[in-house]
Amino acid sequence: MLAFSLLLSITVTVTNPQPTPRQAVPVVVPIAQNGKEINSAVIKGQPDTPWQLDDLNDDGRPDELVFLVDLKANQTKTLTVDLSSARPKTSFTPETKAYLKLNDKNKKHPEIQAIAFPGDVDNRQMYNSIYGHGVVLEGLYNAIRIYMDNRQSVDLYAKNTPRLELDSTGFYTTRKQLEQGYGRDVLWAGTSIALGSFRGWQNGSPVTIDTVTTRMQRVIASGPVRSIVEVSDRGWIYNGAPLEMRQRYTIYARHRDIDVDITISGAPKTYTYCTGVQKLATDNQGFLTQTGLAGSWGTNLPDKGMPDITDTIGLGIFVPAAYLRSVKEDDVNYLTLLKTDTKGRIRYSFISGAERDSASPHSATEWFDYLHRWEKEKRNPAKITIK
């Protein structure tokens, strides 16, 4: 139990606007410290609900409280949240995780919070200095890693059963672990956009983030309710001029989709960028809509060291209208061309499924139906009022 010292009581009203139930709806409450040291929360009426306080700007104080609610069709829930200075003495079962590990000579792979490289460091050196080649974000159904190099590509790991398991496999599942029911890296991206990787756009093609003054990756939050990682590029020379870019990737507990929030400063609003999903190598089926939804389903050989094992997977991406300039299909991708809003932000979400995933759709038809339902939820989010 907490030795509770109440500092602030907040009323949160959450409404599901749709005639279908929703599970694990994120409720994010901004926290204004106002000189008070907030360390814990209690959600009245739902005392066992996991919650999390996150420090987003690395000043040592929480900026947001986050928890999840389940809602019936058209249901409204009103919750009272008490914030306290007491240190929590209980913990919740983790359902997400983020980590960044060094690839050290002793193969201990120590976890670190952040790493930055001068822009003139060789891409291969950066890539190989990190265990797994980049920061990792894991949920119950899948995980991603974001390569620490000029590509900053998103790679995908799919699971057989919903659980956290990368502490055991680290994206490098062995044959013995596969036999034991672990998932594995399921995507061979090649020169494609992979799954939701962010790119520039020049001369009608995606371009990587090649010339920068500094590259950085860091773990912002790793917790029971959500995990957040950040990729930063300072002094990115794009269209002949430098700009600053920050990419944040967030996964919530019980979600298979990942939200991307990009902030770009120093660039005209006329600039175009891109993301999308790749076409799979074998038996690819896919689609691209003018309204920002794209999906693919097919088979590929993700690990050339295990040429006898292929994986059939589904990829999807949704870009809201405020950030969508146009769409385009090329030989290897379904692309969505992006623009910033008036604040220099770009937001989109991507999602994945897999034939090996027991909780996933298992055919192209089922996957594409799932993506259209997912898009509808993204377009009609729960309405949250905070007092």
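These notes cover the structure that comes with them. (Residues numbered from 1 in each chain as written. Predicted model: local features only at pLDDT ≥ 70, side-chain atom pairs only at ≥ 80, totals over all residues. Heavy atoms only, no water.)

**Points about the sheet that holds strand β13 (residues 184–185)**
Overall, antiparallel pairing links the six strands, which are arranged β8-β7-β10-β11-β12-β13 in an open sheet. A single partner strand is all that each edge strand has here, and the edge strands are β8 (111–112) and β13. (Pairing = 2+ DSSP bridges. Helix = DSSP H or I, 4+ residues; strand = E, 2+ residues; numbered from the N terminus.)

**Considering the packing of aromatic side chains**
Evaluated as defined, the whole model comprises 13 aromatic pairs. Judged by centre distance (6.5 Å) and plane angle (45°), the rings of Trp236 and Tyr273 are tilted. Note that Trp236 is positioned in strand β17 (residues 226–238) and Tyr273 in strand β20 (residues 273–278), a separation of 37 residues in sequence. Using a relative accessible area of 1% as the deciding quantity, one classes Trp236 as buried. Look at Tyr273 and you get buried, because its relative accessible area is 1%. Centroid distance Tyr238 to Tyr271: 5.5 Å. Interplanar angle 85°. Geometry classified as edge-to-face. Residue Tyr238 is found in strand β17, and its partner Tyr271 is found in the loop between β19 (257–265) and β20; the two are separated by 33 residues along the sequence. Grouping residues by exposure puts Tyr238 and Tyr271 together as buried. Each residue in the set Phe198, Trp236, Tyr238, Tyr271 and Tyr273 is aromatic and connected to the rest through ring pairs, giving one cluster. (Phe/Tyr/Trp six-rings, centres within 6.5 Å; stacked < 30°, edge-to-face > 60°. Buried < 20%, exposed > 50% of the residue type's maximum accessible area, 1.4 Å probe, protein only.)

**Quick word on the nonpolar core**
Across soluble globular proteins, you tend to see nonpolar side chains buried next to one another. Core analysis: the largest hydrophobic core is formed by 58 residues, its most contacted members being Phe198, Tyr249, Tyr273, Tyr348 and Phe350. One finds Ile10, Val12, Leu53 and Leu83 within the second-largest nonpolar core, a separate group that totals 20 residues. (Core = buried A, V, L, I, M, F, W, Y, C linked by side-chain atoms within 4.5 Å.)

**Points about the side chain of Arg184**
As for its placement among the helices and strands, Arg184 is situated in strand β13. Given a relative accessible area of 3%, Arg184 falls into the buried group. At 2.8 Å, the side chain of Arg184 and the side chain of Asp311 are in polar contact. Not counting the four nearest positions on each side in its chain, Arg184 is found in contact with Leu156, Tyr157, Ala158, Thr173, Leu178, Pro302, Asp303, Met306, Ile309, Thr310, Asp311 and Arg356. (Polar contact = N/O pair within 3.5 Å; in protein donor to acceptor, adjacent residues only side chain to side chain. Contact = heavy atoms within 4.5 Å.)

**What to know about the pattern of salt bridges**
Counting across every chain of the model gives 26 salt bridges. Measuring nitrogen to oxygen at the nearest pair gives 2.7 Å for the salt bridge that ties Asp308 to Arg175. Highlighted residues: Asp308 in the loop between β22 (293–300) and β23 (311–318) and Arg175 in helix α3 (residues 175–179), separated in sequence by 133 residues. For Arg218, the salt bridge goes to Glu230, with nearest N and O atoms at 2.9 Å. Here the residue Arg218 occupies a position in strand β16 (residues 214–222), and Glu230 occupies one in strand β17, the gap between them amounting to 12 residues. With relative accessibility at 13%, the residue Arg218 sits in the buried group. The exposure class assigned to Glu230 is buried, which follows from its relative accessible area of 6%. Linked by salt bridges that have partners in common, Arg218, Glu230, Arg246 and Arg248 make up one network. (Salt bridge = Lys/Arg side-chain N within 4 Å of Asp/Glu carboxyl O.)

**Overview of unusual backbone geometry**
Even without glycine at this site, Lys107 takes up a positive phi of about 60°. Position of Lys107 among the secondary structure elements: in the loop between β7 (97–101) and β8. Non-glycine residue His133 carries a positive phi angle of around 70°. Looking at where His133 falls in the secondary structure, it is placed in the loop between α1 (123–129) and β10 (134–138). Under the relative-accessibility criterion, His133 is labelled buried at 14%.

**Some details on the pairing of strand β14 (residues 199–202)**
The pairing of β14 with β20 spans two bridges and is antiparallel. Counted as the bridge partner of Arg199 is Cys274 from β20. With three bridges joining them, β14 and strand β15 (residues 205–207) adopt antiparallel strand pairing. Along β15, the bridge assignment pairs Gln202 with Ser205. Here β14 folds back onto β15, and the loop between the two strands holds two residues, one of which, Asn203, carries a positive phi near 55°.

**Let's talk about the side chain of Gln247**
Checked against the element boundaries, Gln247 lands in strand β18 (residues 241–252). Take Gln247: its relative accessible area is 0%, and that puts it in the buried class. Of the polar contacts made by the side chain of Gln247, one reaches the side chain of Tyr249; its length is 2.6 Å. Leaving out residues up to four positions away in the same chain, Gln247 has contacts with Gln152, Phe198, Val229, Glu230, Val231, Asp233, Asp261 and Ile262.

**With respect to the pairing of β7**
Within β7, five of the five residues are buried, which leaves the element mostly enclosed by the surrounding structure. Going residue by residue along β7, you find Lys97, Tyr99 and Lys101 tucked away on one face and Ala98 and Leu100 tucked away on the opposite face as well. In terms of strand pairing, β7 meets β10 through three bridges, oriented antiparallel. Counted as the bridge partner of Ala98 is Leu137 from β10. Relative to β8, β7 runs antiparallel, the two being bridged by two bridges. Looking at β8, one finds that Leu100 is bridged to Ile112.

Honestly, it's all geometry; don't read function into it.
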